[in-house]
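# Per-entry structural report
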Amino acid sequence: MDRLQTLEMFIAVADQGGFSAAAKLLRVSPPAVTRGIGELEGRLGVSLFHRSTRAVSLTDDGASFLPRARQILADIQDAERQVSGGQSEPRGQFYVTAPVMFGRLHVLPVIAMMLEQYAQLDVRMMLIDRNVRMVEEGIDVAVRIGPLTDSSLLAVPIGLVRKKLVASPAYLAKHGHPEKPSDLSRHQTIGTTGPRAMGEWRLDDKRIRTEPRLLLNTMDATVAAAEAGLGIANLLSYQVEEAIRQGKLTEVLKPVDPQLLPVNLLFESTRRGLPATRIFIDAMKSRATDQGLTGLDGA
């Protein structure tokens, strides 16, 4: 069994948490995966997995080897893509990641268009509300919202969003409109857990301490809770744009000087010339313009 195949099996077992699940993913027999892992362990001279009747888990050596194995396969995929980069149409697998709600609203329509137009293209999407390690995960393009940290990644800005405090008309009819930031202390608020969890809200130059009565772990659920009249929520403009347009939510305490957050597409320089990357970036720019994400009015 060749080395690359055993590396693929090792990564699959680590990701799937078992030999049978890895075999199903790779479309091979479980004994083939067992044999491949055995060959890899024999070649390395270490045990990569703890095995029991209930579970399979990485040893310390396995955990140390996993990111290197991912990088090796990612480098090979990059080399293959570079060779085929001269093709005018995208082919093979394209891997993109984005925040959950932004991905559903704005990335998925672009991906649907690409799949419709390019028969030899496959796409893998990771929608998650945290930043992932692009190199280790083999990601081609990532959508990032907010200030960027210095890195070797290239960035293409496509739009702007901002935070909005919103509540349903029914909630405001019952509890009144807050007229100034300090009024929030007498209102029910809805908070989020995870990457966007905030102990305080910022409005212009003021910081408002909040004690949410309701905490939720997804943006979709937070929007739904606000629409249901459970309190005031602090969300991003693209997350509530449709609900505001339909009259389900109303913005309160509009900031005098809104803090605009950039929306960027990040990718490695080696991905820049790939047809799928070029087409995706152009399509995302076009959608951002069409959806009003490119200026202050849209945010």
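Residues numbered from 1 in each chain as written. Predicted model: local features only at pLDDT ≥ 70, side-chain atom pairs only at ≥ 80, totals over all residues. Heavy atoms only, no water.

## Considerations on the overall build of the protein
Note the cut-off: A run of H or I in DSSP becomes a helix once it reaches four residues, and a run of E becomes a strand once it reaches two; helices and strands are each numbered from the N terminus. Each residue's exposure class comes from its accessible area (1.4 Å probe, protein chains only) as a fraction of the maximum for that residue type: buried when under 20%, exposed when over 50%, partly exposed otherwise. Contact criterion: two residues are considered in contact whenever any of their non-hydrogen atoms come within 4.5 Å of each other.
Helices and strands together make up the secondary structure of the protein, namely 10 helices and 13 strands. Overall, the protein is about 70 × 50 × 35 Å in size when its C-alpha atoms are taken along their principal axes. Counting the 299 residues in the protein, one finds 42% classified as buried. Intrachain contacts of the protein at a sequence separation of at least 6 include 72% that bridge at least 24 residues.

## Description of unusual backbone geometry
Here Arg27, not a glycine, exhibits a phi torsion of approximately 60 degrees, which is positive. With respect to the element layout, Arg27 can be found in the loop between α2 (19-26) and α3 (30-44). What makes Arg27 exposed here is its relative accessible area of 79%. Non-glycine residue Leu253 carries a positive phi angle of around 50 degrees. Tracing the backbone through its elements, the reader meets Leu253 in the loop between β12 (250-252) and β13 (260-267). Owing to a relative accessible area of 12%, Leu253 belongs among the buried residues under this scheme.

## Focus: the packing of aromatic side chains
Keep this limit in mind: For this analysis, a ring pair means two rings from Phe, Tyr or Trp (six-membered ring only for Trp) whose centres lie within 6.5 Å, classed as stacked if their planes differ by under 30 degrees, edge-to-face if by over 60, and tilted for the remaining angles.
Using the criterion set out here, one finds 5 aromatic pairs in the structure. An angle of 55 degrees between the planes, with centres 5.5 Å apart, marks the rings of Phe10 and Phe49 as tilted. Residue Phe10 is found in helix α1 (residues 3-16), and its partner Phe49 is found in strand β1 (residues 49-51); the two are separated by 39 residues along the sequence. Owing to a relative accessible area of 0%, Phe10 belongs among the buried residues under this scheme. Considering the side-chain rings of Phe10 and Phe65, the 5.3 Å spacing of their centres and the 35 degrees angle between planes classify their relative orientation as tilted. Separated by 55 residues along the polypeptide, Phe10 in helix α1 and Phe65 in helix α4 (residues 60-84) bring together distant segments of the chain.

## A look at the nonpolar core
Applied cut-off: Definition of nonpolar core: a set of buried residues of the types Ala, Val, Leu, Ile, Met, Phe, Trp, Tyr and Cys, connected through side-chain atoms within 4.5 Å.
One finds Phe94, Phe102, Val107, Met114, Leu265, Phe280 and Met284 to be the most contacted residues of the largest nonpolar core, which totals 42 residues. Grouped together as the second largest cluster of nonpolar side chains are 19 residues, Met9, Val33, Phe65 and Leu73 included.

## Here we look at helix α10 (residues 275-290)
The line we're drawing: How far a helix is expected to stretch is found by multiplying one less than its residue total by 1.5 Å.
Compared with the 22 Å implied by 1.5 Å per residue over 16 residues, the 23 Å span of α10 between its first and last C-alpha is a close match. Every buried residue belonging to α10 is among Pro275, Ala276, Thr277, Ile279, Phe280, Ile281, Ala283, Met284 and Ala288, and all of these are buried. Here the buried face of α10 lies against β3 (92-98), α5 (100-117), β4 (121-127), β5 (141-145), β6 (154-167) and β13. Of the residues flanking the end of α10, it is Gly292, one or two places downstream, whose phi is positive at about 75 degrees.

## Things to note about the pairing of β13
The condition is simple: Paired strands, as defined in this entry, are two strands with at least two bridges between them according to DSSP.
β13 sits mainly inside the fold: 6 of its 8 residues count as buried. In this structure, β5 lies alongside β13, joined through 4 bridges in antiparallel fashion. When the bridges of β13 are listed, Arg144 appears paired with Asn264. Bridging between β6 and β13 involves 8 bridges; their strand directions are antiparallel. Residue Gly159 lies in a different strand from β13, and its bridge partner there is Val263.

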